[in-house]
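The lines below spell out each chain.
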Amino acid sequence: MMSSNTATAGVVSPEAERVGRALEWVIVAAVVLVVTGSFHLHAMLTMGDWDFWVDWKDREYWPLVTPVLIVTYCGALHYILWEHFRLPFGATLAVGLLLLAEWLVRYFGWHGWSHYPINLITPATFFAGALIMDSILLLSRSWIVTGLFGASLFGILFFPSNWSWLAPFHVPVEVNGLVMTVADLIGFENIRTGTPEYIRIIERGTLRTFGQHSAPVTAAFAGFLCTLMYWVWWYIGKLFSTVKYIKRGAL
Amino acid sequence: MTTFQGGSVKIWTKKLQLLIVLTGVAIASAVPQVAQAHGERAQEPFLRMRTIQWYDVEWTKSKVAVNEEVVVKGKFRVSPDENWPRTAAKPDLAFLNISSPGPVFVRKASFINGVNMANSSSFQTGRDYAWEVTLKGRYPGKWHIHSMLNIKDAGPLVGPGDWIEVTGNHADFKNEVKTLTGETIDLNTYGMANNIRWHIIWAVFGVAWLLYWLAKPLFFSRYRKVAAGEGASLITKTDQTVAVVVLVGALGLTYFGYQWAEAKWPITLPLQSAQETVAPLPTEPTLVDVKLIRATYRVPGRSLNMTLEVTNNTGKAVRMGEFNTATVRFLNPEVGIMDEMAKKYPKYLLADKGLTLADNKPIEPGETRKIEVEAQDAAWETERLSSLIYDPDSRFGGMFFFYDTDGKRHIQNVGGVLVPSFTGKGGKPKDLENTRY
């Protein structure tokens, strides 16, 4: 990057501007590849199963684990793009690339190659919370405010923003004398050799209320943890985007 | 480029040849190999021999059409405590599963002792369970289908497998069920259109926001201004207006989507998570006692040789008809138990002449007899059971099936230390010098 400690900061020749703009697309391509690959790997190694299978999307673990682990890259990219370039779209970029990777892998790999039905392996959408975080960052220009309000809304609104497509899978059915949801039944019927039923970490724990609605309690807790996680990963973003130069003659 | 004729050209030619070879190897290894069956052979022998003993397993059909059903059923005995390996967790929580290459079948029903096994359960050591799984053909092809029991903290324990061919066209597959709200749905495609619709709606919103910023200069000019302390000037009034629209729009769409779903599907349940209780089959009195005196595995001969003391406490004479271990069945041809089920048993697991007794005469009621038994077949190698001698615990397990004169079957467990013999003759204890072994 050019040194810009001059009174003419930002004034360059049209030729340089054209070359710079072309080079930016090369940077975009590199960023897309790096973020897509690493974020997808991070997501699958952490909240993978909860977001992978329709019969893992419960009201306790899925709405807690998923947003808390996804807000990570959103925070890091927010730092990198906002602090250096005043670009506020880090969160949407991160989740957009993640979803691109998830759909490609699931459609071509799990569905096309291994024949799993798409309705068993549909990923969650994260755009609602990401768009809200981006807009709050731009309007507040503060990472503290974005963490307090944007990241907490990312966690709180994760479940309701996905309910529009998930709701039909929680319609009840009776099968051989047992009451199940459609999601449970799709999971039971489509054989997964390495995923026995007992391995589902769902509907356990103490995030419950007396009103039988665990989801709001989980959402509130997720919002709280997302705020903390966002701030931590804001600084991880700083760590990964700080450049130190060796002074001439120091070696 | 050659600076010196001969020398550099030779080096470059050699490097080129090496590059071509390496590229070929990389391409060849990148081409996915088809993995069709028998992955269970990779499991350690002691797990397969000493944990879940599968028997009476049958597949009701070997060929079905798409949408046609086939039943895989049988029994399993959970090895008694004294035989269960210390290194594997007991089935305090386990799930009856099917080993198949993905959902080429759908599982329509699963029962153990008449209890619906959509959930997991615990199973008692030393007891027997009758199981049955109904599968429906979904994807055409020839598929190797095993029964399997997944045990928490132990892993999958695979039963015998056989080929089932599915014919027809996957496009004809239908999997309809009626919900408790009265709607008939096809589980194979249910909800997919709505999934994709909402994902596209949110994706369009998100991509539009990204394109708004990607249309502007991105990095160099903005970096220069931020570094010069003029970053605030990069955010225009239009940007702020767009951000407000995005914020309100995202909140509004979330609210609308949730309310719309609540109105369209007002009756929903949380995911169901439960654990079943399954009573084992009634215990039959153990009327044929088997005491293992010594067991050796003769590596060159691929045979398991056992010296047993058998006591017949039944009221009739009995003969040993079968030794069953790790789903391999060694049959005594002189007892003649090749019934219809045995004839259909997978050939690669059936040693129909594999069980030999030094003394094949019936054991009379009340008699105790020391007998030498040999279970010999290439299956020890092909099923990778011979590597038992390298397992962390050199013990084997299995079941004997005795038959009395009425054809009634008496099942008895056996298990204990297994001493390997790496030579043709092997070291033999003095008291066995006059025996065949």
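Use the structure listed above.
Residue numbering note: each chain is counted from 1, following its sequence as written. Chains carry letters from A onward and ligands carry numbers from 1 onward, assigned in written order. Only residues with pLDDT of 70 or above have their local features reported here, since the model is predicted, and side-chain atom pairs are shown and tallied only from 80 upward, although totals for entire chains, interfaces and linings are computed over all residues.

Colleague: Report on the overall build of chain B, specifying residues and quantitative values.
Modeller: Runs of H or I in DSSP of at least four residues are treated as helices and runs of E of at least two as strands, each being numbered from the N terminus. Along its length, chain B carries seven helices and 23 strands. For a compact globule the rule gives 2.2 Å times the number of residues to the power 0.38, and the radius of gyration it is set against comes from C-alpha atoms. Computed over its C-alpha atoms, the radius of gyration of chain B comes to 32 Å, more than 25% above the 22 Å expected for a compact globule of 437 residues. Structurally, chain B occupies a C-alpha span of about 100 × 85 × 45 Å along its principal axes. The burial criterion counts other C-beta atoms lying within 10 Å of a residue's C-beta, which is placed from the backbone; the residue is buried at 20 or more, exposed at 12 or fewer, and partly exposed between these limits. Each of the 437 residues in chain B was classed as buried or not, and the buried ones make up 35%.

Colleague: Lay out the overall build of chain A with the relevant residues and their values.
Modeller: Summing up its helical and strand segments, chain A has nine helices and two strands in all. Starting at the N terminus and ending at the C terminus, chain A contains elements arranged as α-α-α-α-α-α-α-β-β-α-α. C-alpha extents for chain A along the principal axes are approximately 80 × 45 × 35 Å. Expressed as a percentage of its 251 residues, the buried residues of chain A come to 52%. Two residues qualify as a contact pair if the distance between their C-beta atoms, derived from the backbone, is within 7 Å. Pairs at least 24 apart in sequence give 70% of the contacts found in chain A among residues at least 6 apart.

Colleague: Give a detailed account of unusual backbone geometry, specifying residues and quantitative values.
Modeller: Even without being glycine, E203 of chain A reaches a positive phi, approximately 50 degrees. Secondary-structure assignment places E203 of chain A in the loop between α8 (182-189) and α9 (214-239). For E203 of chain A, a count of 17 C-beta atoms within 10 Å translates into the label partly exposed. The phi dihedral of R384 of chain B is positive, around 55 degrees, even though this residue is not glycine. Mapped onto the secondary structure, R384 of chain B falls in the loop between α7 (379-382) and β21 (395-404). Judged by the 18 C-beta atoms lying within 10 Å of it, R384 of chain B falls in the partly exposed class.

Colleague: Please give an account of the pairing of strand β2 (residues 178-181) of chain A that cites residues and values.
Modeller: Residue and element names in this part refer to chain A. When DSSP locates at least two bridges between a pair of strands, those strands are taken to pair. Judged from the four bridges that link them, strand β1 (residues 172-175) and β2 form a sheet pairing that is antiparallel. Note that in β2 the partner of E174 across the bridge is V179. Counting the residues that bridge the hairpin from β1 to β2 gives two residues, and of these N176 lies at a positive phi of roughly 50 degrees.

Colleague: Account for the sheet that holds β21 of chain B, naming residues and giving values.
Modeller: Residues and elements named next belong to chain B. Taken in spatial order, the five strands of this open sheet run β18-β17-β16-β21-β22, and their pairing is mixed. Since the sheet does not close on itself, it has two edges, and those belong to β18 (350-351) and β22 (409-417), each with one partner. Strand direction decides the pairing type here: strand β16 (residues 318-325) and strand β17 (residues 328-331), joined by four bridges, are antiparallel. Opposite E322, over in β17, you have L331 as the bridge partner.

Colleague: With reference to specific residues and values, describe the sheet that holds strand β6 (residues 115-116) of chain B.
Modeller: Whenever strands of a sheet pair, they do so through backbone hydrogen bonds, lying parallel or antiparallel. Residue and element names in this part refer to chain B. The strand order across the open sheet built from five strands is β1-β3-β8-β5-β6, with neighbouring strands paired in antiparallel fashion. Two strands in the sheet have a free side with no partner beyond their single neighbour: β1 (52-59) and β6. For strand β5 (residues 105-112) and strand β8 (residues 128-137), the ladder comprises seven bridges, and the chain directions are antiparallel. Paired with A109 across the strands is T134, a residue of β8.

Colleague: Tell me about helix α3 (residues 62-85) of chain A, and name the residues and values.
Modeller: All names here are of chain A. When the terminal C-alpha atoms of α3 are compared, their 34 Å separation across 24 residues agrees well with the 34 Å that a helix rising 1.5 Å per residue should span. For α3, the tally of buried residues reaches 21 of 24 residues, placing the bulk of the element in the interior. Positive phi appears at R86, one or two residues downstream of α3, with a value of about 55 degrees. Here, expected helix span is obtained from the residue count minus one, scaled by 1.5 Å.

Colleague: Can you lay out the interface of chain B and chain A for me, pointing to particular residues and giving the numbers?
Modeller: Residue-level contacts link 81 residues of chain B with 75 residues of chain A. Only β4 (94-99), β5, β9 (141-151), α3 (192-214), α4 (220-227) and α5 (237-264) of chain B provide two or more residues apiece to the side of chain B that touches chain A. Under the convention adopted here, Pro, Cys and the residues Ala, Val, Leu, Ile, Met, Phe, Trp and Tyr are nonpolar, Asp, Glu, Lys and Arg are charged, and Gly plus all remaining residues are polar. Of the residues assigned to the side of chain B that touches chain A, the class counts are 48 nonpolar, 25 polar and eight charged.

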